[in-house]
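# Tertiary structure, described
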Amino acid sequence: MSDTVLAVEGLVRDFGAFRAVNHVDLAVERGTIHAVIGPNGAGKSTLFKLITGSLRPTAGRVILNGQSIGGKRSHVIARRGLVQVFQLSSICGRLTVAESVALGLISQRHRGFDVASTYQRRARDEAVAILDQVGLVAHASSIAGTLSHGDQRALEIAMALAIKPTVLLLDEPTAGMSPAETAVIADLVVSEARARGITVVLSEHDMDVVFGISDHVTVLHQGQVIAGGTPAQVRSHPEVMAIYLGHAATAGEEAP
Ligand SMILES: Nc1ncnc2c1ncn2[C@@H]1O[C@H](COP(=O)(O)OP(=O)(O)OP(=O)(O)O)[C@@H](O)[C@H]1O
Ligand SMILES: [Mg+2]
């Protein structure tokens, strides 16, 4: 039985005369890993910003758990369970790794900051448990900003997991990573999402990652959905092969 946790209906976003997202429909099933792929400039990041509320749509609707979230502010959408992975650099690169995750835990419970409270100590214990799962427990007391690039991305995912999202959005989680770091992050996303029943929507240039971990793939091209289905269906879709996969053979090198 279909159980759509996130639906996008007729979403449009114009920048002046340019239409970056052109009547996009999307239905994301609960508990799945749903990839959005497409060449550079296809509109993936713009679509994600429309979903998370950091950009306003020109037209269309975004529905989370059956309720419209169109036009709501990002923090309201996050409280309803839709969370985009933070950029660590913009938030708390000077906190320790454990403090960064504890911040996510505390923000999720809407408590104020009281450094001396048992509550905060409990948040730290819980943070350490999450760090253990993502393989960062040895770095718990390190300053977040001093971690390697791959470890910082893993920490960003740990921070988002701490919020216990219903839907987690990841815009190119493996950008700029080595193949070894990419494999670690892909495994992490899959295992944590499955273990916690979190629905994941991700955009990703690395086709090995996309076809390896996704339940469903949506292909964007020039702001429009041109194909959607299982990895096997999308891989063999003629238009996708012609427009996208043909020149995505080198996607690993082209990713920023
Ligand atoms: N704020 C903006 N103002 C004007 N044009 C924009 C703006 N943001 C995005 N665009 C344009 O919208 C189109 C889609 O951009 P977007 O960043 O969503 O693509 P993308 O699929 O995420 O690409 P990439 O794979 O390179 O990350 C591009 O042509 C881009 O130049
Ligand atoms: Mg992008």
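Figured I'd write up the structure that's included with this text. (Residues numbered from 1 in each chain as written. Chains lettered and ligands numbered in written order. Predicted model: local features only at pLDDT ≥ 70, side-chain atom pairs only at ≥ 80, totals over all residues. Heavy atoms only, no water.)

## Quick word on the packing of helix 6 (residues 149-162) against helix 7 (residues 179-196)
The description of two packed helices rests on the angle between their axes and on the distance between the axes. Helix 7 packs onto helix 6 with a crossing angle of 10 degrees between their chain directions and a minimal axis gap of 10 Å. Looking at the two axes, helix 6 sits roughly parallel to helix 7. Taken together, the residues of helix 7 that come into contact with helix 6 (itself represented by His149, Gly150, Arg153, Ala154, Ile157 and Leu161) are Glu181, Ile185, Leu188, Val189, Glu192 and Arg196. Per-class residue counts for the contact of helix 6 with helix 7 are six nonpolar, two polar and four charged. (Axes fitted to C-alpha atoms, helices over the stretch in contact; angles between N-to-C directions. Helix = DSSP H or I, 4+ residues; strand = E, 2+ residues; numbered from the N terminus. Parallel < 35°, antiparallel > 145°, perpendicular 65-115°, else oblique. Contact = heavy atoms within 4.5 Å. Nonpolar A, V, L, I, M, F, W, Y, C, P; charged D, E, K, R; others polar.)

## Some remarks on the pairing of strand 3 (residues 33-37)
Taken across its five residues, strand 3 has five buried, putting it largely inside the fold. Taken together, the four bridges between strand 3 and strand 9 (residues 216-221) define a ladder with parallel strand orientation. By the bridge assignment for strand 9, isoleucine 37 is matched with valine 219. (Buried < 20%, exposed > 50% of the residue type's maximum accessible area, 1.4 Å probe, protein only. Pairing = 2+ DSSP bridges.)

## Regarding the nonpolar core
Judged by nonpolar contacts, the single largest core of 51 residues is most densely connected at Val101, Leu131 and Leu155. By residue number, the principal contributor to this core is helix 6, which donates eight residues. Two domains each provide a minimum of three residues to this core, namely domain 1 (1-81 + 165-256) and domain 2 (90-162). If we skip the residues at most four places from it in the chain, leucine 131 touches Val97, Ala98, Val101, Leu136, Val137, Ala140 and Leu155. Counting 24 residues, the second-largest nonpolar core is a separate cluster that includes Leu11, Val36, Phe48 and Val167. (Core = buried A, V, L, I, M, F, W, Y, C linked by side-chain atoms within 4.5 Å. Domains from an automatic or database assignment.)

## Overview of the side chain of serine 203
Mapped onto the fold, serine 203 is located in strand 8 (residues 199-203). One polar contact links serine 203 to aspartate 171, side chain to side chain, over a distance of 2.5 Å. Residues contacting serine 203, with those up to four places away along its chain left out, are Val36, Lys44, Phe48, Leu170, Asp171, Glu172 and Pro173. (Polar contact = N/O pair within 3.5 Å; in protein donor to acceptor, adjacent residues only side chain to side chain.)

## Observations concerning the site of ligand 1
Lining the immediate surroundings of ligand 1 are 13 residues, of which Gly41, Lys44, Ser45, Thr46 and His205 lie closest. Here glycine 43 contributes a backbone N or O atom positioned 2.9 Å from an oxygen atom of ligand 1. For ligand 1, an oxygen atom lies 2.9 Å from a polar atom in the side chain of histidine 205. Considered on its own, ligand 1 offers 630 Å² of accessible surface; in the complex 60% of this is hidden by protein. (Near = heavy atom within 4 Å. Areas by Shrake-Rupley, 256 points an atom, 1.4 Å probe, with all protein chains shown as cover.)

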